Amino acid sequence: MAAAEKKPRAKGAKAPVTTRDNLSALIGSARKILRKDKGLNGDVDRLPLLTWVMFLKFLDDLEVVHAEEAELDGKPYHAIIEAPYRWRDWAAREDGLTGDELLSFINQDECHRADGSRGAGLFAYLRGLAGTGEKGSQREVIANVFRGVQNRMVSGYLLRDIINKINGIHFTSSEEVHTLSHLYESMLREMRDAAGDSGEFYTPRPVVRFMVQATDPKLGETVLDPACGTGGFLVEAYDHIAQQVTNPDQRRILQRDTLFGQEAKPLPYMLAQMNLLLHGLEAPQIAYGNTLERRITEIGHSERVDVILTNPPFGGEEEAGIKANFPANMQTAETALLFLQYIMRKLRYAGHGAEQGGRAAVVVPNGTLFGDGVCAVIKEEMLKEFNLHTIVRLPQGVFAPYTDIPANLLFFQRSGPTETIWYYELPQPEGRKKYSKTAPLPFEAFQPVLDWWKKREEGPKAWRVDFAAKRAAAIDAAKPHWQRAETERASVLALGKPIRELDQTIGNAANGDKAALQAQLREMKAQQQAHEAAAKAAQAEGDALYWPIYNLDLKNPHAAEGLEHADPKDLVAAMRAGEEDVLRLLGEIEALVAEVQG
């Protein structure tokens, strides 16, 4: 096999930029080629394949630039990917490796490589980069990305066609990368739609943008998405903060010390890396693994962040080992509730690296608002230690077609207990019952909320709850019952010692005395049981008055105003209009019947 040689591009010479239309056509033709391969099963397989091919081309373009910059500075450059595994070594030539040789080079642990030598296959080499660089280095990122990647294409010739197409993209051109980032996002949406129940890694962009704008992360703050999926929140936060950058030092802060994420699944982990690279983040700091594997009581001040933006998976269940990482009274299998606790622990305290406490915006299902038991205990801690200042209630269908479960956006800050909770109910689309895949929620639907955000007043869609007063009233009402329960429990304890002593006395007593003593013992035990039952009942009565305040699933008190306050003349006119429609339809039906019978 002949060694593949590539003509080096003249240093400093820029490749011609591919226009937006050409780039769109290029991606489109690449996707058409992918549809021909028998090993790929729909968009769920096609986008990951396109992503890892683009990822390798992107890395090589980036390495060429960095090598040139190092040479200009007179410094040595240490390649991340070495020959003969660089894109330029095996992919750049249109007549390079193809067919079975190409598949063997990519898939096999050992193979003939493009330079004619024998050695590890491409994926085996890339996965082996783990441990060859510092923790969190680009080598480790690449190893993690390819640990979860499999080449599902069965035709090496079609794969060669794909590689030749992607070779036409110049990732050193910011115009092309910008265009590609939009194309990539539309592909992510398509993949989400094709993924069905597995489409958990996508939050509609209008929801993401609203949460970022409402939270308003600043340059110099740290932003985390602990369940980052394909990186939508981090991309939007990057674009938001980038507008505040005015000099190279600030750009360095944004690039290196601002955005952090974590993802447990290999596919969205890879998609997030690509998504962030395409949007301009050169070294995305996305950790690979389950966020919840960390014991939350061990999270220290130095690990806390200023802003958390996330849509944690809900409806899932975690294994018993994960639950053990949480306090005993707040252990649950529900993933969303575990994430909520993690988020609360990760927010910065005021005075520990920031003037204000950390703030969060989190997507939660309705079940989190009305849930009791452990869910209520978690909300109690949130409302005691955090200011849950806003709940935005989303209309139905926002997450269609993945789920129709009603969802809410919680906004809270580590700045003391909750005093007032503002609710804002986003209306249904005009003339329809809900949003859908074909008619999704537009960002413009959030504009009234953004206008209201800094100048809040009650209205048809907004209302507030004096939670401090509600909590005080609930405690006042419950306290007498809890005090009675405490008294009854004290009586139970007080009877414990005499019962034990009497039990011993019976053991040592003469037979003739035992019957009377045993009767006495039965009476004391009955008294103890009665106190236990009374304590339980009193506790339940107190709890029934206290815990309902943590049902945050509150209806809009102004919802009925539209009908109640409508002008009677308008109501009569509407009813007459409806009656006219009915009469018109009846007339049409009569005419049809007459035509058929005639």
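Numbering of residues starts from 1 in every chain and runs along the sequence as written. Owing to the predicted nature of the model, reporting of local features is limited to residues with pLDDT of at least 70; listing and counting of side-chain atom pairs is limited to 80 or more, with chain, interface and lining totals taken over all residues. Neither water nor hydrogens contribute to the side-chain values; these are computed over all heavy atoms in the structure.

Quick look at the overall build of the protein chain
- Elements are defined by DSSP. Helices are runs of H or I of four residues or more, strands are runs of E of two residues or more, and each kind is numbered from the N terminus. The helix and strand tally for the protein chain stands at 21 helices and 11 strands.
- Here the contacts in the protein chain between residues at least 6 apart in sequence split such that 77% fall between residues at least 24 apart.
- Using a 1.4 Å probe, the Shrake-Rupley method yields the accessible areas, and only the shown protein chains count as cover for residues. Surface summary for the protein chain: the accessible area is close to 30,100 Å², and the carbon and sulfur share equals 51%. Contacts: residue pairs with any heavy atoms within 4.5 Å of one another.

Re the packing of helix α9 (residues 205-215) against helix α10 (residues 232-242)
- Running from N to C, α9 and α10 cross one another at 50°; their axes reach a closest spacing of 9 Å. The orientation of α9 with respect to α10, classified from their angle, is oblique. Pair α9 / α10 crosses with right-handed handedness. Along the contact surface, α9 presents Arg205, Val208, Arg209, Met211, Val212 and Gln213, while α10 presents Gly232, Phe233, Val235, Glu236, Ala237, Asp239 and His240. To define axes, lines are fitted to C-alpha atoms, for helices over the stretch in contact only, and angles between the resulting N-to-C directions are given on a 0 to 180 degree scale. Throughout, the term roughly parallel applies to angles under 35 degrees, roughly antiparallel to angles over 145, roughly perpendicular to angles from 65 to 115, and oblique to all others. Crossing chirality is assigned from the near helix's rotation relative to the far helix, an anticlockwise turn below a right angle marking it left-handed and a clockwise turn marking it right-handed.

Focus: the side chain of Asn290
- Tracing the backbone shows Asn290 in the loop between β5 (285-288) and β6 (307-310).
- Polar contact is the term for a pair of N or O atoms within 3.5 Å; when the atoms are in protein, one must be able to donate a hydrogen and the other to accept it, and sequence-neighboring residues count only if both atoms are side-chain atoms. A polar contact is formed between the side chain of Asn290 and the side chain of Glu318, at a distance of 3.5 Å.

Quick look at the nonpolar core
- Counting residues in each nonpolar core, the largest one holds 107 residues, and the members touching the most others are Trp52, Trp90, Leu126, Phe146, Phe210 and Met211.
- A total of 11 residues in this core trace back to one element, the largest contributor, which is helix α2 (residues 43-72).
- When near neighbours in sequence (up to four residues on either side) are disregarded, Met211 contacts Phe233, Leu309, Thr310, Ala361, Val362, Val363, Leu409 and Phe411. Throughout, nonpolar core names a set of buried Ala, Val, Leu, Ile, Met, Phe, Trp, Tyr and Cys residues whose side chains join them through atoms within 4.5 Å. For every residue, the accessible area (1.4 Å probe, protein chains only) is compared with the maximum for its type, and the residue is labelled buried under 20%, exposed over 50%, or partly exposed between those bounds.

A closer look at a nonpolar patch on the surface
- The grouping of Leu583, Leu586, Ile589 and Val593 at the surface amounts to a nonpolar patch, some 370 Å² of accessible area in total.
- Structurally, the position occupied by Leu586 is in helix α21 (residues 568-597).
- Judged by its relative accessible area of 46%, Leu586 is partly exposed. The patches described consist of residues with a relative accessible area above 30% and no salt bridge, like charges being joined within 9 Å and nonpolar side chains (Val, Leu, Ile, Met, Phe, Trp, Tyr) within 5 Å. Salt bridges, as used here, are contacts in which a Lys or Arg side-chain nitrogen is within 4 Å of a carboxyl oxygen on Asp or Glu.

Here's the deal with the packing of α2 against helix α12 (residues 266-278)
- Where α2 meets α12, the axes come as close as 10 Å, and the angle between the chain directions of the two elements is 45°. Between α2 and α12, the angle is such that the two are oblique. Here α2 and α12 pass one another in a crossing that is left-handed. For the pair α2 and α12, contact is made by Leu47, Pro48, Thr51, Trp52, Met54, Phe55 and Phe58 and by Leu267, Met270, Leu271, Gln273, Met274, Leu277 and Leu278, respectively.
- Split into classes, the residues belonging to the contact of α2 with α12 amount to 12 nonpolar, two polar and no charged. The nonpolar class holds Ala, Val, Leu, Ile, Met, Phe, Trp, Tyr, Cys and Pro. Asp, Glu, Lys and Arg form the charged class, and all remaining residues, Gly among them, are polar.

What about the environment of Phe314?
- Within the element layout of this structure, Phe314 appears in the loop between β6 and α13 (320-323).
- Expressed as a C-alpha distance, the spacing of Phe314 and Leu337, which sit 23 residues apart in the sequence, is 8.2 Å.

Some remarks on helix α19 (residues 511-546)
- How far a helix is expected to stretch is found by multiplying one less than its residue total by 1.5 Å. Here α19 is 36 residues long and its end C-alpha atoms lie 52 Å apart, about the 52 Å a rise of 1.5 Å per residue gives.
- Within α19, burial applies to Leu517, Leu521, Met524, Gln528, Ala535, Ala538, Gly542 and Tyr546.
- For α19, the secondary structure elements touched by its buried residues are α16 (374-385) and α18 (467-508).

What about the environment of Phe370?
- Tracing the backbone through its elements, the reader meets Phe370 in helix α15 (residues 366-370).
- A residue is classified by how much of its surface remains accessible, and Phe370, at 45% relative accessible area, is partly exposed.
- Placed 184 residues apart in sequence, Phe370 and Leu554 show a C-alpha to C-alpha distance of 8.7 Å.

Here's the deal with the pattern of salt bridges
- Scanning the entire structure with this criterion turns up 22 salt bridges.
- A salt bridge links Asp95 to Arg93; its shortest N-O distance comes to 3.0 Å.
- Two residues, Glu541 and Arg484, come together in a salt bridge whose shortest N-O distance is 3.5 Å. Here Arg484 lies in helix α18 and Glu541 lies in helix α19, a separation of 57 residues in the sequence.
- Using a relative accessible area of 36% as the deciding quantity, one classes Arg484 as partly exposed.
- Each of Arg205, Arg209, Glu236 and Asp239 takes part in a single network of salt bridges with overlapping partners.

Some remarks on the sheet that holds strand β11 (residues 462-466)
- For two strands to be treated as a pair, DSSP must find at least two bridges joining them. Spatially, nine strands are ordered β5-β4-β3-β6-β7-β9-β8-β10-β11 in an open sheet, and the strand pairing comes out mixed. Each edge of the open sheet carries a strand with a single partner, namely β5 and β11. Adjacent strand axes in the sheet meet at a mean angle of 20°, parallel and antiparallel pairs treated alike.
- Pairing between strand β3 (residues 223-225) and β6: two bridges, direction parallel. Within β6, the position partnered with Val223 by the bridge is Val307.

Some details on the packing of aromatic side chains
- Aromatic rings from Phe, Tyr and Trp, with only the six-membered ring used for Trp, were paired whenever their centres fell within 6.5 Å, and each pair was classed as stacked if the ring planes differed by under 30 degrees, edge-to-face if by over 60, and tilted otherwise. The tally for this structure, following the rule as stated, stands at 24 aromatic pairs.
- On the numbers, 5.1 Å between centres and 75° between planes, the contact of Tyr546 with Trp547 is edge-to-face.
- Judged by relative accessible area, which is 27%, Trp547 ranks as partly exposed.
- An aromatic cluster of at least three residues, connected via ring pairs, comprises Phe210, Phe411, Trp422, Tyr424, Phe443, Phe446, Trp452 and Trp453.

Quick look at the pairing of strand β7 (residues 359-365)
- In terms of burial, β7 is a largely internal element, seven of the seven residues being buried.
- Every second residue of β7 is oriented toward a common face, with Arg359, Ala361, Val363 and Pro365 on one face and Ala360, Val362 and Val364 on the other, all of them buried.
- Across four bridges, β6 lies against β7 in parallel orientation. Within the sheet, the bridge partner assigned to Val307 lies in β7 and is Arg359.
- Inspection of the sheet shows β7 paired to strand β9 (residues 407-413) by seven bridges, in the antiparallel sense. Residue pairing across strands places Ala360 opposite Phe412, the latter belonging to β9.

Purely geometric stuff here, so don't read any function into it on its own.
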